[in-house]
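# Structural features, examined
Residue-level listing of the chains:
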Amino acid sequence: YTGVTIISEESDKIRKQIIAQLGRGVTIYSGKRGLRGKKAQESGLNNRDIIYTVVTKLELTKVKNIVNEIDSTSFMTTQSISSVKGGMVKERKLH
């Protein structure tokens, strides 16, 4: 499995599409965006919803496509996950 973290101004649209297109659950964290330089002095910190979801390697490309279609300027990281339990994760069948 792969854990995906997405930070975007369009997090609500992205969340809805991940659920609708992939049938995956998402976790939303509340975060703040830190800015540097002149923009930081003008606008300070901006609240952001941070999306976290767990997908298969095959679904990862679909997630990337969803995110890029909605917000090409988003920030996204992926983490390899060795095991997962609970939630909406589909169990793998053994041969």
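Quick note: structure is the one above.
What comes next concerns the included structure. (Residues numbered from 1 in each chain as written. Predicted model: local features only at pLDDT ≥ 70, side-chain atom pairs only at ≥ 80, totals over all residues. Heavy atoms only, no water.)

Let's shift gears to the overall build of the protein. Helix and strand content of the protein: 3 helices and 4 strands. Listing the helices and strands of the protein from first to last along the sequence gives β-α-β-α-β-α-β. Of all 95 residues assigned to the protein, the portion counted as buried reaches 29%. At a minimum sequence separation of 6, the contacts of the protein that also span at least 24 residues come to 72%. Here the protein has roughly 7000 Å² of accessible surface; of this, 49% comes from carbon and sulfur atoms. (Helix = DSSP H or I, 4+ residues; strand = E, 2+ residues; numbered from the N terminus. Buried < 20%, exposed > 50% of the residue type's maximum accessible area, 1.4 Å probe, protein only. Contact = heavy atoms within 4.5 Å. Areas by Shrake-Rupley, 256 points an atom, 1.4 Å probe, with all protein chains shown as cover.)

This part is about helix α1 (residues 11–22). For an α-helix, the turn length of 3.6 residues means that residues three or four places apart are oriented alike. With 12 residues, α1 ought to run about 16 Å at 1.5 Å a step, and its terminal C-alpha atoms sit 16 Å apart, in line with that. Every buried residue belonging to α1 is among S11, I14, I18 and L22, and all of these are buried. The arc enclosing the buried residues of α1, seen along the axis, measures out at 60°, which places them on a common side. If you follow the buried residues of α1, they end up packed against β1 (2–7), β3 (46–55) and α3 (57–70). (Expected span 1.5 Å × (residues − 1). Arc of directions from axis to C-beta.)

The terminal C-alpha atoms of α3 lie 21 Å apart, and with 14 residues this matches the ideal 20 Å at 1.5 Å per residue to within 8%. Taken residue by residue, α3 has E59, L60, V63, I66 and V67 as its buried positions. For α3, the arc enclosing every buried residue in end-on projection is 125°, short of the 170-degree limit, so these residues lie on one face. Seen from the buried face of α3, the exposed residues on the opposite side, beyond 90 degrees, are L58 and E69. Residues of α3 that are buried in the fold lie against β1, α1, β3 and β4 (75–80).

Bringing the nonpolar core into the picture now. Membership of the largest hydrophobic core is limited to 10 residues, which are V4, I6, I14, I18, L22, I51, V55, L60, V63 and V67. The set of elements that each furnish at least two residues to this core consists of β1, α1, β3 and α3. In this structure, I6 is in contact with I14, I18, D49, I50, I51, V63, V67, F75 and M76, ignoring residues within four places of it in sequence. (Core = buried A, V, L, I, M, F, W, Y, C linked by side-chain atoms within 4.5 Å.)

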